[in-house]
Amino acid sequence: MPPSTVCAAKASYKKTPGLLELSETYLQWTQHDKKAPSVRIPQIELASLFCSKEGSPQVRLKVGLFKDSGGHNFTFTAAQPVALSERETFKRELTNIISRNRGSADAPTPKPGIASAPPTPVNGHPPPVRPSASATPAPGRVPPPLSRATSVVSNGTTPGPSNGLTADDIKLRKKVLVANPELAALHRELVMSGQITESEFWDGREHLLVAQSAADSQKRGRPGTLVDPRPQAVEGGDVKIVITPQLVHDIFEEFPVVAKAYNENVPKPLNESDFWRRYFQSKLFHAHRASIRSSATQNVVKDDPIFDKYLEKEDNDLEPRRQRDEDVEMFIDLGATQEDHDATGNEKDITMQAGKQKGVLPLIRKFNEHSERLLKSAIGDGQGAAKRRRIDDDASHMRDYYAQIDLEDLHDSRDAAGIILEMQDRQRYFEGGMKSTASEDASKHKLDIRAVLREAKDNLHEWAENLSQLQLDKKAGDASVVAMTHSVQARLTTKTRKNDIPEGLLRQMTTCQTAANEFLRQFWSAIYPPLSDLQSANPPTSAQKAAKAAKMAGYLAKTHEKVDALVRAAHAEGVDPSRVQAAMKPLMDAVEKALALHRTRKPVSVKTAQGLC
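Residues numbered from 1 in each chain as written. Predicted model: local features only at pLDDT ≥ 70, side-chain atom pairs only at ≥ 80, totals over all residues. Heavy atoms only, no water.

**Overview of the packing of helix α6 (residues 245-254) against helix α8 (residues 272-280)**
Each pair of packed helices can be summarised by the angle the axes make with each other and by the distance between the axes. Contact pair α6 / α8: the axes reach a minimum separation of 14 Å and the direction vectors enclose 60 degrees. It follows that α6 is oblique to α8 by the angle criterion. Judged by the twist between their axes, the crossing of α6 over α8 is left-handed. Judged by residue contacts, Val248, Ile251 and Phe252 of α6 engage Trp276, Tyr279 and Phe280 from α8. Partitioning the contact of α6 with α8 into residue classes produces six nonpolar, no polar and no charged. (Axes fitted to C-alpha atoms, helices over the stretch in contact; angles between N-to-C directions. Helix = DSSP H or I, 4+ residues; strand = E, 2+ residues; numbered from the N terminus. Parallel < 35°, antiparallel > 145°, perpendicular 65-115°, else oblique. Left-handed = near helix turned anticlockwise from the far one by under 90°. Contact = heavy atoms within 4.5 Å. Nonpolar A, V, L, I, M, F, W, Y, C, P; charged D, E, K, R; others polar.)

Below, the structure written as structure tokens:
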């Protein structure tokens, strides 16, 4: 290694093996069997540092630049423990460099490349590795919470390129558009052309941004299966176990004693391959297997002087070796009422005698410990606010047991308050309903109940004999079957028939319909705003809603011209114009209804609007 090189490691770049080096002035990567570096980055351009997620089978390192937020990705190609150690060395050195760069860059205008929050670094061995300083947001920038709808707009102080949006907000909206091609096409058609603004387009679509933000913040949990490598049979009667970096990581996390043995015996006196070969042939491996047969296998396994000293006494006593460090709640403690039931009468069945089959106890306790680790990793060691049981203590330090069984998920959902319905001539509407109800009641009173019962009785007289004499007309039955067959055949023909409308014309029809639907959505949201707008701190004023409705009505008024142009285009391409008119008729009806309401709608004063809200 040259004197100016701080650290070096074997790493691949774009799936090409090579050597990653960090010198006093550059971070460079050189392809294998080549002398000149393919990637050469000055240290002053390094802006951010990212590491692979926890549990990832590959050990990766990504550096972001001030001029290029995409940066460069490197994958360490050594064995998992060695790769983790090399990655930690690079991370430690690069963290200091990036901290210096950020310190010098914070005095003038902040660089936009530092604003993004990187993912969580991966843990190497069972002891957790703290994320580097570069894995935290920039100073003065508070990451927004993701549990509320308002989290869509972050609280960053760095302005974005448009409308005061931050870089994270733009990136989030871009992800939503990439995941929804139809929505992206609508965005290009309306927003990029300047017909509606960016805020109007996303108004009412906050749930898409919240869902995308929640998906990005989700962290992959631990696998629920117990680590139990299965040998595979190969030719010659031998068996093999495929060792992957993920398997090594899971074994170290599930069985810390194996990680201890690895740290104490690798690379001396055993190399890595000999360590795993002897481990899978040792009694320690069979003791960790999730099967009762593993205890019988230990009698025929040869002794191993290295791994046998890590063996522990089998946990098959009545009391487990590892006692719980927390109190068992009364509602789930199976032995809470044991003292109230003395042993009388017949002896307990063998299935009810604790510890009767000692070979089962270690396996059950192994499953319980694994489940407890999964639960703690999912909800954390601390008390959760909504999902964990709530334990309340009163003044006399007596627990409120009812609060433990009062689960929020079992409560009935509360209906939100609806929007007040604006009606014209309410009194006449209700008076008309009362008159119709009164007339119906009067007609009911005019019926002669005895006559109705007498007629029904006469109709049911000798019904069994009449039913046996009933004969169906064969022609009517055949006609019904033929009609149903034609109906099914017509449906199949409609589904299998190819669309004879040209692709270009069909695309224009789809674009016209999508744009008009968006204008309708904006129009009706201005006329009847959603409940979220009414309950917000800064709801739109009546003048703003009226201006928005008038603007959308102006766009909707041009829908007739667009449909007429489509009809003329269809006639020019040899397509029946009536088919285009029939396809666009539901849209035209919706547009006509919106325009008719806009023409007849009276302007609402500010005081009246406030009273309705």
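Read on for the rest.
**Observations concerning α6**
Two residues of an α-helix separated by three or four positions point the same way, owing to the 3.6 residues in each turn. Of all the 10 residues making up α6, seven are buried; the element is thus mostly covered by neighbouring parts of the structure. Those residues of α6 that fall on the buried side of the exposure criterion are Leu247, Val248, His249, Asp250, Ile251, Phe252 and Glu254. For α6, the secondary structure elements touched by its buried residues are α7 (256-265), α8 and α11 (361-379). (Buried < 20%, exposed > 50% of the residue type's maximum accessible area, 1.4 Å probe, protein only.)

**A closer look at the side chain of Ser282**
Within the secondary structure layout, Ser282 lies in the loop between α8 and α9 (283-288). Looking at Ser282, the relative accessible area reads 0%, which means it is buried. Here Tyr279 takes part through its backbone oxygen, which lies 2.6 Å from a polar atom of the side chain of Ser282. With near-sequence residues (within four places) excluded, Ser282 lies in contact with Val301, Asp304 and Phe307. (Polar contact = N/O pair within 3.5 Å; in protein donor to acceptor, adjacent residues only side chain to side chain.)

**Some words on the pattern of salt bridges**
For the structure shown, the criterion picks out 12 salt bridges. Across the pair Asp304 and Arg278 runs a salt bridge whose closest N-O atoms are separated by 3.0 Å. Remark: Arg278 occurs in helix α8 and Asp304 occurs in the loop between α10 (293-297) and α11; sequence separation between them is 26 residues. Here the salt bridges do not stand alone but share partners, grouping Arg87, Glu88 and Lys91 into one network. (Salt bridge = Lys/Arg side-chain N within 4 Å of Asp/Glu carboxyl O.)

**Thoughts on the side chain of Asn265**
As for its position among the elements, Asn265 is in helix α7. For Asn265, a relative accessible area of 5% corresponds to the buried category. Among the polar contacts listed, one links the side chain of Asn265 to the backbone oxygen of Ala261, at a separation of 2.7 Å.

**Examining the sheet that holds strand β1 (residues 5-13)**
Hydrogen bonds along the backbone pair up the strands of a sheet, which may run parallel or antiparallel. In spatial order, the strands read β4-β3-β2-β1-β7-β6-β5; together these seven strands make up an open sheet with antiparallel pairing. Looking at the sheet topology across the chains shown, the edges are occupied by β4 (39-42) and β5 (46-51). Between one strand axis and the next, the sheet turns by 30 degrees as a mean value, whatever way the strands run. As paired elements, β5 and strand β6 (residues 59-65) share five bridges and run antiparallel to each other. Residue pairing in the sheet places Cys51 in a bridge with Leu61 of β6. (Pairing = 2+ DSSP bridges.)

**Observations regarding the packing of aromatic side chains**
This structure, assessed with the given rule, holds 19 aromatic pairs. Centroid distance Phe252 to Tyr262: 5.3 Å. Interplanar angle 55 degrees. Geometry classified as tilted. Taken as a pair, Phe252 in helix α6 and Tyr262 in helix α7 lie far apart in primary sequence, 10 residues in all. Residue classification places Tyr262 among the buried positions, given a relative accessible area of 7%. Three or more aromatic residues link up through ring pairs in this structure, and these residues are Phe252, Tyr262, Phe275, Trp276, Tyr279, Phe280, Phe285 and Phe307. Sitting over the ring of Phe50, Lys62 keeps its end group 5.3 Å from the ring centre. Across the ring face of Phe201, the terminal group of Arg205 is positioned such that the distance to the ring centre comes to 4.5 Å. (Phe/Tyr/Trp six-rings, centres within 6.5 Å; stacked < 30°, edge-to-face > 60°. Lys NZ or Arg CZ within 6 Å of the ring centre and 35° of its normal.)

**Quick look at the environment of Gln581**
In this structure, Gln581 sits in helix α21 (residues 577-600). The class for Gln581 is partly exposed, based on a relative accessible area of 45%. Linking Gln581 and Val567, residues 14 residues apart in sequence, is a C-alpha distance of 7.0 Å.

**Considering the pairing of strand β3 (residues 26-31)**
Both strand β2 (residues 16-23) and β3 contribute to a ladder of five bridges, which runs antiparallel. Across the sheet, the residue bridging to Leu22 is Leu27, located in β3. Linking two consecutive strands that pair antiparallel, namely β2 and β3, is a turn of two residues. Examined bridge by bridge, β3 and β4 share four bridges and lie antiparallel to one another. Looking at the pairing, Tyr26 lines up with Pro42 of β4.

**Observations regarding the pairing of β1**
In summary, the side chains of a regular strand alternate between the two faces of the sheet. Alignment of β1 against β2, held across eight bridges, turns out to be antiparallel. Bridging across to β2, Ser12 finds its partner in Pro17. The antiparallel hairpin formed by β1 and β2 contains two residues in its connecting segment, where Lys14 sits at a positive phi of about 55 degrees. Pairing of β1 with strand β7 (residues 72-76) involves two bridges; the strand directions are antiparallel. Looking at β7, one finds that Ser12 is bridged to Thr75.

**Structural notes on the environment of Ile241**
Its place among the elements puts Ile241 in the loop between β9 (239-240) and α6. Taking the relative accessible area as the measure of exposure, Ile241 reaches 22% and is therefore partly exposed. Separated by 12 residues in sequence, Ile241 and Pro229 have C-alpha atoms that sit 7.0 Å apart. Those residues in contact with Ile241 that lie beyond four places of it in its chain are Pro229, Arg230, Pro231, Phe280 and Phe285.

**A closer look at the nonpolar core**
Core analysis: the biggest nonpolar cluster contains 40 residues, and Phe201, Phe519, Phe523, Leu556 and Met584 have the highest contact counts within it. Elements represented by at least two residues in this core include exactly α2 (167-179), α3 (181-190), α4 (198-202), α17 (503-527), α19 (542-557), α20 (559-572) and α21. Per-element accounting of this core gives the leading share, 10 residues, to α17. Counting the residues that make up this core, at least three belong to each of domain 2 (168-215) and domain 4 (503-532 + 540-601). The contact partners of Met584, leaving out residues within four places of it in the chain, are Met509, Cys512, Gln513, Val563 and Leu566. (Core = buried A, V, L, I, M, F, W, Y, C linked by side-chain atoms within 4.5 Å. Domains from an automatic or database assignment.)

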